[in-house]
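Tertiary structure, described
What follows is the residue order along each chain.
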There are 2 protein chains.
Amino acid sequence: MSNQKAARMERIAPFYVMDLLAKAKELEARGRSIIHMEVGEPDFITPQQVVEAGKQALDNGHTGYTAATGIPELRIAISNHYLNRYGITVDPGRIIVTPGSSGALQLVLGVLINPGHEVLMTDPGYPCNKNFVEFFSGVPVALPVGPDTNYQLSAAMVEDNWNDSTRAVMVASPSNPTGTLLGRAEMKGIYETVKSRGGSLIVDEIYQGLVYDDTSFTALEFADDLFIINSFSKYFGMTGWRLGWIVAPQAYVDSLDNLAQNIFLSCTSISQYAALQAFDPDCLDTLEERRQAFRQRRDFLLPALKEIGFGISVVPEGAFYLYADSSKLTNDSFSFAYDLLEDQGVAITPGKDFGNNRPEHHVRFAYTNSIDNMAEGVRRIKQFIKK
Amino acid sequence: MSNQKAARMERIAPFYVMDLLAKAKELEARGRSIIHMEVGEPDFITPQQVVEAGKQALDNGHTGYTAATGIPELRIAISNHYLNRYGITVDPGRIIVTPGSSGALQLVLGVLINPGHEVLMTDPGYPCNKNFVEFFSGVPVALPVGPDTNYQLSAAMVEDNWNDSTRAVMVASPSNPTGTLLGRAEMKGIYETVKSRGGSLIVDEIYQGLVYDDTSFTALEFADDLFIINSFSKYFGMTGWRLGWIVAPQAYVDSLDNLAQNIFLSCTSISQYAALQAFDPDCLDTLEERRQAFRQRRDFLLPALKEIGFGISVVPEGAFYLYADSSKLTNDSFSFAYDLLEDQGVAITPGKDFGNNRPEHHVRFAYTNSIDNMAEGVRRIKQFIKK
C-alpha cells in the first residue's frame, strides 16, 4: 500500500500551463525574448501604500498568530468597503479572512460537501474549482457553456442538472478564463433556483474590482444566504501575500471558524495588517488607474486577435482574460501553444487547463502585459500562423 | 438542505481553549492581571534578522506568486540545515514548503487518505491531527498512551491496531501536549512495523529544534520513505508568517506539488524570502539562547508544579509543554481551568482539547512565559487550591 495514493489524486490534474511556463522560463534563461500572456497574475506590483504598511507591521512586531477568522480591524475594513463601494451593509462577523481565495474555497466546500455530493459549475471554468470538489471526494459536474449564455450557467441549466446528490452551485463573475459576467437577473435566477432546491450558491467575485463597464455589483445585493468568495490578489495586486475572504451566511460562521482554526490556525499576520492599507483612498486611486489600464489593454488585444483569425464572440467585461476560439488556426490548441512558444517565444495557455468543452479549439490570453509587449506578441503570432 | 453542514463538521471540534482565551482577554481588558500559560506560541518575537529580511523582501518587490513547492533557495536552505545540524543529505527536490505545518498536514493526508481510511495516533495528542483526518472523511484512531510508553505509540501498539482500513500512522517527537520524545529505537520500530504493513509513517518534528538534552535527531536518519512535517513557527519563532515544510518520499513529490498548486497556489512570498535568513549563524545563535531559556523555564516549572500537587511522572524533554495529572486536585479539569482563570487570573489548557484519554484528570501548561510570571502563576494556583 505504501506507494498507493488517495483516489482523489487520480482525478486532480496539475495545471498544464505550469509545464509551459517552466519551458518559457528555460527559454528566457537561454536568452530568448518571451512575451508572457499565460499568467493569471497582474504585472502591476503591490501598491506602495500596502508595501509600506507591511514593513510597518513588521516593525510593530505583528508576527504572531491572529484569530483564525482574521484580525477584527480587517474584517471591519472589508465590511466598510462593501458599504462604500456597493452601498451594502455586511456584518463584519460574517466576513472570514482566508489564505487567498484558495483558502476560502477550501473552507466553504469543507463545510458543505460530503463524499459523493455533486457541485455544478461551468466548463470552461477555473480548474481548481473542480479539484477542490475532488479534494473532499465530491463530484464536480462541469456543464458546457458557450457564447449563448455569456459562458455562464443559467437558472434553467441548474434546474435541469439538479438531482438528489447535488449540494451546491459555483459561479464566477467575472469568470476565469472567459472574463464574462453574470447579469443581475441571471445571478438572481440562479440563486433562487438553488434556494428552491435547498442547495448552496457559491459566488466567486475575485475579479469583481476588475469590471470595465462600471456596472459591477455583488450578489450580496439581493441575498445573505449565499457564500461570496473574494481576494486581495487580483484587483488589489497582492497575489504573493495570500489573502482573501468569505462573506458567509450567519448560520455557517461558527463552522467556518472551527474549520479555519483546525486547518489554517490563522492567515499570515503581516499580510493582514498590510491589507488594511489597501482600502486607503490613495491606494484605491492607484487601483482605479490600473483598472483603466487593463481596460485599454483589452480594447487593444481583442480586435488585434480577431484580425489574425481568433474567434471571440462575446466581449469580456471583466478580469484580464480573453478566451479565444482558435479552431480556424488549429485543431490542437495544446500543440499550438507549445509550438508558438518554441517558434516565436509567445506564451499563452491552452484550453486544456479549463475543462473538456472543446479545449482543443481554445486558448486563453491574459492581458497582464503592456500594450507594447502584447503588440509584439500579436506580430509574432501572425508570423507563426503564416508559416 | 441549505443549512445542512457536511458530516465532518459534526466530528471536527473547535479548540476549547479558544473560548477560555477569549475569556482571559476579556478579563485583561477589564484590568485584571492574567498569567498566560495556555498558549502554544513562543513569547519570543521573530528574530530581528528575519524581520529585516522580510522588510528587504518587500523592498525588493517579492510580492508575487512563487512556485507551489516554494522558492528554490528556501528548499536548498532547508536541505543545508539538515546537513549542518544532523549530517543528513536531503535532496531539495523532496522538500516542499507549505503554509505552516497545518498546510503540510493537509497536503500529506490529502495524497494519502481515502474516505474510510484509518490513521493511528496518540491520545492525548495534537487536536488538529484527528481533525485533519476527519477533513478527508477518514477515521482517526487515537490510541490511549501514558507514562509507560513516554506518552508515545509503540511498534506493538501499531501492530495490534492495524487492520485492512489502516493507511497511516502519525507520531510527534517532541509531542504536544506532553513534550515527550520517541527514542531512536522506538521510532525505528514503529517505522518498520508501518512499512511491513504497507502503510505510511508521518513524523511531526515541528518541535525538533526545542529538545533539551542535545540528543535531537530526525527520522530521516534511517529512512527516506516516510513523511516529515516541520515548521518555522515554534523553534524559529515565526508563527504569524505561516511557513512550514514537508520532506516527502520521492514517489509522492509530484502529487504533493499537484495538490499544492490546486489548494494553495503558493505560500506567502514575503515569509519565504524572510525565512532564508532564519538559518543565518547569528539568527541560529539567538534561537539557541532561546532554547536554553525554554529549558530553564521547564526546570523551574516542573518541580514547582509537582510541589503543589500536580503529577508529572515523565520529564518532558522537548517542546514547551507540561502535561500534568491534576486528579489529586480536581476530578473536572475543565471547570478547574475556568475557575482558576476566574478566581486567580491564571490561564491553562484543560485536557479536553487533547483527546478522550482521561482528559478530566489533566491540564496542559505552556511555559511560553517568563520565569517571574510563571512563579507568580504558581503562587496564585497554590492560593486557589488552598480555598
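Just so we're clear, the structure is a prediction, and the values are computed from it rather than from any experiment.

Considering the overall build of chain A
Scanning chain A for helices and strands turns up 13 helices and 12 strands. Here the C-alpha atoms of chain A give a radius of gyration of 21 Å, agreeing with the 21 Å that 2.2 N^0.38 yields for 387 residues. Viewed in the frame of its principal axes, chain A has a C-alpha envelope of about 60 × 55 × 50 Å. Taken over 387 residues, chain A has a buried fraction of 54%. Expressed as a percentage of contacts within chain A between residues at least 6 apart in sequence, the contacts between residues at least 24 apart total 72%.

Comments concerning the pairing of strand E2 (residues 95-98) of chain B
Residues and elements named next belong to chain B. Here E2 shows a buried face lined by Ile95 and Val97 and a second buried face lined by Ile96 and Thr98. Here E2 runs beside strand E8 (residues 244-247); their pairing, made up of four bridges, is antiparallel. Considered in E8, the bridge of valine 97 is made with tryptophan 245.

So, the relation of the copies chain B and chain A
Aligned on chain A, chain B shows an RMSD of 0.0 Å; the corresponding rotation is 180° and the shift along the axis is 0.0 Å. In the structure described here, the two chain copies are related by an operation that fits a two-fold rotation axis. Considering only C-alpha atoms, the part of chain B nearest the rotation axis is B:Lys55, at 2.7 Å. Interface overlap between copies: 98% of the residues of chain B at the interface are likewise at the interface in chain A, consistent with a symmetric, same-surface contact.

Brief notes about the sheet that holds strand E12 (residues 362-366) of chain A
Two orientations exist for strands paired in a sheet by backbone hydrogen bonds: parallel and antiparallel. All names here are of chain A. Taken together, the three strands give an open sheet; going across it, the order is E9-E12-E11, and neighbouring strands pair in antiparallel fashion. Only two strands of the sheet have a single partner each, and these edge strands are strand E9 (321-325) and strand E11 (349-350). When E9 meets E12, the two strands line up antiparallel, connected through five bridges. Pairing of alanine 324 across the sheet is with valine 363, part of E12. The sheet contacts of helix H11 (residues 281-307) involve E9 and E12, and relative to E9 the element is tilted by about 10°.

Some points on the interface of chain B and chain A
On the chain A side, the residues contacting the 64 residues of chain B number 63 residues. Residues that form the side of chain B that touches chain A fall into these classes: 28 nonpolar, 29 polar and seven charged.

A closer look at unusual backbone geometry
If a residue is not glycine, its phi is most likely negative; likewise, a peptide bond is most likely trans. Residues and elements named next belong to chain A. A cis amide bond links serine 173 with the next residue in sequence, proline 174, at an omega value of -5°. If you trace the backbone, proline 174 turns up in the loop between strand E5 (166-172) and helix H8 (184-196). In the Ramachandran plot, alanine 319 falls in the positive-phi region, its phi being about 60° despite a non-glycine side chain. Here alanine 319 shows up in the loop between H11 and E9. Overall, alanine 319 belongs to the buried group, with 29 C-beta atoms counted inside 10 Å.

Here's the deal with the domain arrangement of chain A
Residues and elements named next belong to chain A. What the domain assignment lists for chain A is domain 1 (8-45 + 283-386) and domain 2 (48-280). The centre of domain 1, based on its C-alpha atoms, is set 25 Å off from the matching centre of domain 2. Contact with domain 1, which involves 33 residues of that partner, is made by 37 residues of domain 2. Counting only elements with at least two residues in the side of domain 1 that touches domain 2, the list comes to helix H1 (8-11), H11 and E9. For the side of domain 1 that touches domain 2, the element with the most residues is H11, which contributes seven residues. A breakdown of the residues in the side of domain 1 that touches domain 2 according to their chemical character gives 17 nonpolar, seven polar and nine charged.

Here's the deal with the sheet that holds E8(B)
Residue and element names in this part refer to chain B. Reading across the sheet, the seven strands line up as E2-E8-E7-E6-E5-E3-E4 and stay open at both edges, with mixed pairing between neighbours. The strands lining the two open edges of the sheet, one partner per strand, are E2 and strand E4 (139-144). The average undirected angle you get between the axes of adjacent strands in this sheet is 25°. Inspection of the sheet shows strand E3 (residues 118-123) paired to E4 by six bridges, in the parallel sense.

Considerations on helix H13 (residues 371-386) of chain A
All names here are of chain A. The terminal C-alpha atoms of H13, which comprises 16 residues, lie 22 Å apart, in line with the 22 Å expected from a rise of 1.5 Å per residue. Those residues of H13 not exposed but buried are Met374, Gly377, Val378 and Ile381. An end-on view of H13 places all buried positions within 100° of arc, on one side of the element. Along H13, the residues that are exposed and aim more than 90 degrees away from the buried face are Asp372 and Lys386. For H13, the secondary structure elements touched by its buried residues are strand E1 (35-36), H11, helix H12 (333-344) and strand E10 (346-347).

As for the environment of B:Ala77
Residue and element names in this part refer to chain B. Relative to the helices and strands, alanine 77 is located in helix H3 (residues 72-86). Through-space distance from the C-alpha of alanine 77 to that of glutamine 56 is 18 Å; in sequence the pair is 21 residues apart. What alanine 77 contacts, discounting residues up to four positions off in sequence, is Leu276 and Phe279.

Points about the packing of helix H1 (residues 16-29) of chain B against helix H11 (residues 333-344) of chain B
Residue and element names in this part refer to chain B. In contact at an axis separation of 10 Å, H1 and H11 are set at 10° when each is read in the N-to-C sense. Put simply, H1 runs roughly parallel to H11. When H1 is examined against H11, the residues Leu20, Lys23 and Ala24 are found in contact with a partner set consisting of Ala337, Tyr338 and Leu341.

Brief notes about the confidence of the model for chain A
In this model, chain A carries an average pLDDT of 96, and 99% of its residues clear a pLDDT of 70 or more. For this predicted complex, the interface score ipTM comes out at 0.95, while the overall pTM is 0.96.

A look at the packing of H11(A) against H13(A)
All names here are of chain A. Where H11 meets H13, the axes come as close as 10 Å, and the angle between the chain directions of the two elements is 10°. Taken as axis vectors, H11 and H13 run roughly parallel relative to one another. Here Gln296, Arg297, Phe300, Leu301, Ala304 and Leu305 of H11 lie close against H13, whose contacting residues are Ile371, Met374 and Val378. Residue composition of the contact of H11 with H13, grouped by class: seven nonpolar, one polar and one charged.

Examining the nonpolar core
Counting residues in each nonpolar core, the largest one holds 235 residues, and the members touching the most others are A:Ile246 and B:Ile246. The contact partners of A:Ile246, leaving out residues within four places of it in the chain, are A:Ile96, A:Thr98, A:Ala104, A:Leu107, A:Val108, A:Phe227, A:Ile228, A:Ile229 and A:Leu256.

Let's talk about the environment of A:Asp299
You can see A:Asp299 is positioned in helix H11. For the pair A:Asp299 and A:Val315, spaced 16 residues apart in sequence, the C-alpha to C-alpha distance is 9.6 Å.

Let's talk about the environment of A:Val141
All names here are of chain A. Along the polypeptide, valine 141 turns up in strand E4 (residues 139-144). Classification of valine 141 by C-beta neighbours within 10 Å gives partly exposed; the count is 18. Separated by 219 residues in the primary sequence, valine 141 and glutamate 360 have C-alpha atoms spaced 20 Å apart. Here valine 141 is in contact with Glu118, Val119, Leu120 and Asn161, once residues within four sequence places are set aside.

Overview of helix H2 (residues 16-29) of chain A
Residues and elements named next belong to chain A. For H2, with 14 residues, the first-to-last C-alpha span of 21 Å sits near the 20 Å given by 1.5 Å per residue. Buried within H2 are the following residues: Val17, Leu20 and Ala24. Axial view of H2: buried residues confined to an arc of 60°, hence all on one face. Seen from the buried face of H2, the exposed residues on the opposite side, beyond 90 degrees, are Asp19, Ala22, Glu26 and Ala29.

Rules used throughout
Residues numbered from 1 in each chain as written. Chains lettered and ligands numbered in written order. Predicted model: local features only at pLDDT ≥ 70, side-chain atom pairs only at ≥ 80, totals over all residues. Helix = DSSP H or I, 4+ residues; strand = E, 2+ residues; numbered from the N terminus. Rg over C-alpha atoms; globule rule 2.2 N^0.38 Å. Buried ≥ 20, exposed ≤ 12 C-beta atoms within 10 Å, placed from the backbone. Contact = placed C-beta atoms within 7 Å. Pairing = 2+ DSSP bridges. Least-squares fit on C-alpha atoms with pLDDT ≥ 70 in both. Axes fitted to C-alpha atoms, helices over the stretch in contact; angles between N-to-C directions. Nonpolar A, V, L, I, M, F, W, Y, C, P; charged D, E, K, R; others polar. Domains from an automatic or database assignment. Expected span 1.5 Å × (residues − 1). Arc of directions from axis to C-beta. Parallel < 35°, antiparallel > 145°, perpendicular 65-115°, else oblique. pLDDT = per-residue confidence, 0-100. Core = buried A, V, L, I, M, F, W, Y, C linked by C-beta atoms within 7 Å.

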